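# Topology and contacts: notes
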Amino acid sequence: MRATAPMLLAQGVHKRFGALEVLRGIDLEVAPREVMCLLGPSGSGKSTFLRCVNHLEQVDSGRLYVDGVLVGYEERGDRLHELHEREVCRRRAEIGMVFQRFNLFPHMTALENVAAAPVLVKKEPRAVAVERAARLLDRVGLLARSDAYPSQLSGGQQQRVAIARALAMQPKLMLFDEPTSALDPELVGEVLDAMRGLAEDGMTMVVVTHEIGFAREVGDALVFMDGGRVVESGVPRDVIAHPSQERTRAFLSKVL
Amino acid sequence: MPLRHPWRWVATVVVLVLAAMLVHSLVTDATYGWGVVGQYMLSGPILRGLLLTLELTGAAMAIGIALGVTLAILRLSPNPLLSGASWLYIWFFRGTPVLVQIVFWYNISALYPHVGIGIPFGPVLVHGSANSIVSSLVAAILGLGLNEAAYYAEIVRAGILSVDTGQTEAAQSLGMPRVVIMRKVVLPQAMRVIVPPTGNETISMLKTSSLASAAAVAELFYSAQLIYARNYETIPLLVVASLWYLALTTLLTIGQHYIERYYARGSVPSVPPRTFPELLLRSLGRPGARRREVPS
Ligand SMILES: Nc1ncnc2c1ncn2[C@@H]1O[C@H](COP(=O)(O)OP(=O)(O)OP(=O)(O)O)[C@@H](O)[C@H]1O
Ligand SMILES: [Mg+2]
C-alpha cells in the first residue's frame, strides 16, 4: 500500500465524441509532488484526458478523483450526477491549466491576467491579489513586464504569464497541454525552466509534451498513450531507453 | 501634347459643372428660402423637437442595447426553451416594419387614456392632456426600442461568437462561473466587434426616430411638419431638419471614433480611420487623435 493518497486518480475513464471513441479506459495515478509526463501521437486523446480532469469535458464512464474528490460529479449509489455550477467551479479552481496557445486575456495587462481570478472567484481583496500577482510574475521573471498587454509579449513570455495566472489560484495540481509546442525553438527553454522550478518546489504536475529531454530530467513518471489507451508507463529514463512496446518504440524514434 | 488621363479630366469637368449648378441653385433658387431657414434654425419648436429626437434616440437605444444583450445571451444559452424564445422574438421584430410597430403601440397606448379618463380617440389626442402625449411618446420609444433590440441582439451574438473559445476555457479552468466569464472575459473582447455597428445603429436610430411622427410625437421632423403645415414653407423647413440631422450624425461619428479606439486597447494594430471626419481628425494631428501602442 502507498503511504499517501494519490493527487490524481483515473479509473477506467471513457470518452467519446459521437461515434469516435477517444478515451477507451484510462487508468493512472499521480502521487502528490509527482511530475507525470504524457506522451503519444496526435489524436491519441492526451488533450481530451487533461480536459476531462478539470471537467472541461464530461466523461462517459469511469472516475476521475483529484485529491480524493470527484471533479464535476457527485456519486450517489453508483451513478454520477453532474454537480451544481458553483461547486464545479470551486473544484476546478484547485486545478491549474496551461494551454498550448496560452489563452491569456488580451484586454488585460499581464498583472491583471494573474490577479483577475483570485479577485473574481475567491473574492480576494484587490491589494492582496495584486501583491501575489506581482510575486508570481517575479517568479517567472516577468515583473518588469507587469503592465504589458499579451500582444506586446513574446510567446515564451506569454506562456510564463499563463503559468503565473494558473498559480495565482494556488492549485493542488497543474495540467500542461503541450505548453511549448506553439513556441519558437529559442523560446522553449525559458518556459521549461519555469516548469522545472515549479516541479522543484513540489507542485504536482501532469505534462503533455513532446520534449523528451524535459520528460527524462524532470518527470517522475512517463505514460505513453495511443488510441485512447495507456500503452506503457514507467520511470521516464527506462521507458525512453528501453521501450517494451513496439508502438512506443516507433513513436520515440520519430520524436527523438 | 496629349492629355495623360483624358477620361479623368472629363469626369472632373462634369463633377465641377454639376457642383457649380447645385451651388448656383442653392444660392439663387427662391424655394430654398435661406432667409426662412435662418429664421427657424434656432426657433423654439425646432429646438424642442431636436431635444425630443435626442431623448427618443437615447431611450430607444438604451432599451435596444439592454434587451439586445439579454436576447443574445439567451440565444446562446444551452437551454433550448430560452434560445428558442429569443429566436422567436428576433424573428418577429425583425420581420415586421418598425413603422407598423410604432403605430401598433400607439394604438394600444391610446386605449389607456380612453379607459382611464375618457378622452376620445383620434388626432385630438395630439393636442390633448399630458397623459396622451406621454403615451404616444412611450409608444414611439417602445416601437423603436423593441425593434432595435432584435437587430442589436444579432450584433451582440456575432460579437460573442467572434471571441476565441480558448478564452472561455481558460476562464473556466480558473474556476470562473458562466456569468463572470461573460461579463469579464467574453463581452469586453466582443466589444471590439460590437462597438462599430453600435455607432452605426445609433446614427441610424437618430434618423429612424423621425418615424415617431407617425405616433404624433413632436420630434424634429414632426415639429418641422407642424410648422410648414401652417406657413407652407415646406422646403426651407425640411432643410432645417436635414441640417440638424446632419450636424448630429457628424457629432456621433466623431464620438464613435474615440469609443472604438478605447475598446481596441491591447491589440497591436490601432483602429484605422474609416470615415471622413476621422481622417480629418487625424490629418489635423490633434493630440491623442491616434495613439500608437509602443512595446516598452
Ligand atoms: N470537441 C470535439 N468534438 C469532436 N471530436 C473531438 C473533439 N475534441 C477532440 N476530438 C477528437 O478526439 C481525438 C483526440 O483528440 P485530442 O485532442 O485529445 O488528441 P491529442 O492526443 O491531444 O492530439 P494532439 O497531439 O494533436 O494534440 C481527435 O481525433 C480529435 O479529432
Ligand atoms: Mg492535444
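Each remark here, short or long, concerns the structure printed above.
Everything numeric here is computed off the predicted structure, so don't read it as measured data.

Axes are the key here: two packed helices are described by the angle between their axes and the distance separating the axes. Residue and element names in this part refer to chain B. Viewed as axis vectors pointing N to C, helix H3 (residues 44-75) and helix H10 (residues 234-263) meet at an angle of 40°, and their least axial separation amounts to 12 Å. The pairing of H3 with H10 is recorded here as oblique in orientation. For the element pair H3 and H10, the recorded crossing hand is right-handed. For the pair H3 and H10, contact is made by Ile46, Leu47, Leu50, Thr53 and Leu54 and by Leu237, Val240, Trp244, Tyr245 and Leu248, respectively. Class assignment for the residues of the contact of H3 with H10 results in 9 nonpolar, 1 polar and no charged.

Here the focus is the interface of chain A and chain B. Listed as interface residues are 27 residues of chain A and, on the opposing side, 25 residues of chain B. Both faces combined, the contact of chain A with chain B buries some 2,300 Å², and carbon together with sulfur accounts for 58% of it. It is Phe105, His107 and Leu120 of chain A in chain A that bury the most area against chain B; as a group they hold 25% of the surface buried on that side. The interface formed by chain A and chain B includes 2 salt bridges. The partner of Asp164 of chain B in a salt bridge is Arg101 of chain A, with the nearest N and O atoms 3.5 Å apart. In this assembly, chain A and chain B are joined by 6 residue pairs in polar contact (both at pLDDT 80 or more). Where the side of chain A that touches chain B is concerned, the elements lending two or more residues are helix H2 (85-92), strand E8 (95-98), helix H3 (110-120) and helix H5 (155-167) of chain A. No other element matches the 3 residues that H2 of chain A contributes to the side of chain A that touches chain B. Here the side of chain A that touches chain B is built from residues that sort into 16 nonpolar, 5 polar and 6 charged.

All names here are of chain A. A sheet is described by the order of its strands in space; here 6 strands give the open sequence E8-E9-E10-E3-E11-E12, paired in mixed fashion. Bordering the open sheet on either side are E8 and strand E12 (229-234), each of which pairs with just one other strand. Across the sheet, the mean angle from the axis of one strand to that of its neighbour is 20°, orientation sign disregarded. Pairing between E8 and strand E9 (residues 173-177): 4 bridges, direction parallel. If you follow Met97 over to E9, its bridge partner there is Leu175. Across the sheet, helix H6 (residues 185-200) lies against strand E3 (35-39), E9 and strand E10 (204-208), angled at about 150° from E10, the strand it touches most.

Parameters and conventions
Residues numbered from 1 in each chain as written. Chains lettered and ligands numbered in written order. Predicted model: local features only at pLDDT ≥ 70, side-chain atom pairs only at ≥ 80, totals over all residues. Heavy atoms only, no water. Axes fitted to C-alpha atoms, helices over the stretch in contact; angles between N-to-C directions. Helix = DSSP H or I, 4+ residues; strand = E, 2+ residues; numbered from the N terminus. Parallel < 35°, antiparallel > 145°, perpendicular 65-115°, else oblique. Left-handed = near helix turned anticlockwise from the far one by under 90°. Contact = heavy atoms within 4.5 Å. Nonpolar A, V, L, I, M, F, W, Y, C, P; charged D, E, K, R; others polar. Buried area = accessible area lost by both parts, 1.4 Å probe. Salt bridge = Lys/Arg side-chain N within 4 Å of Asp/Glu carboxyl O. Polar contact = N/O pair within 3.5 Å; in protein donor to acceptor, adjacent residues only side chain to side chain. Pairing = 2+ DSSP bridges.

By themselves, these observations are geometric and do not establish any function.
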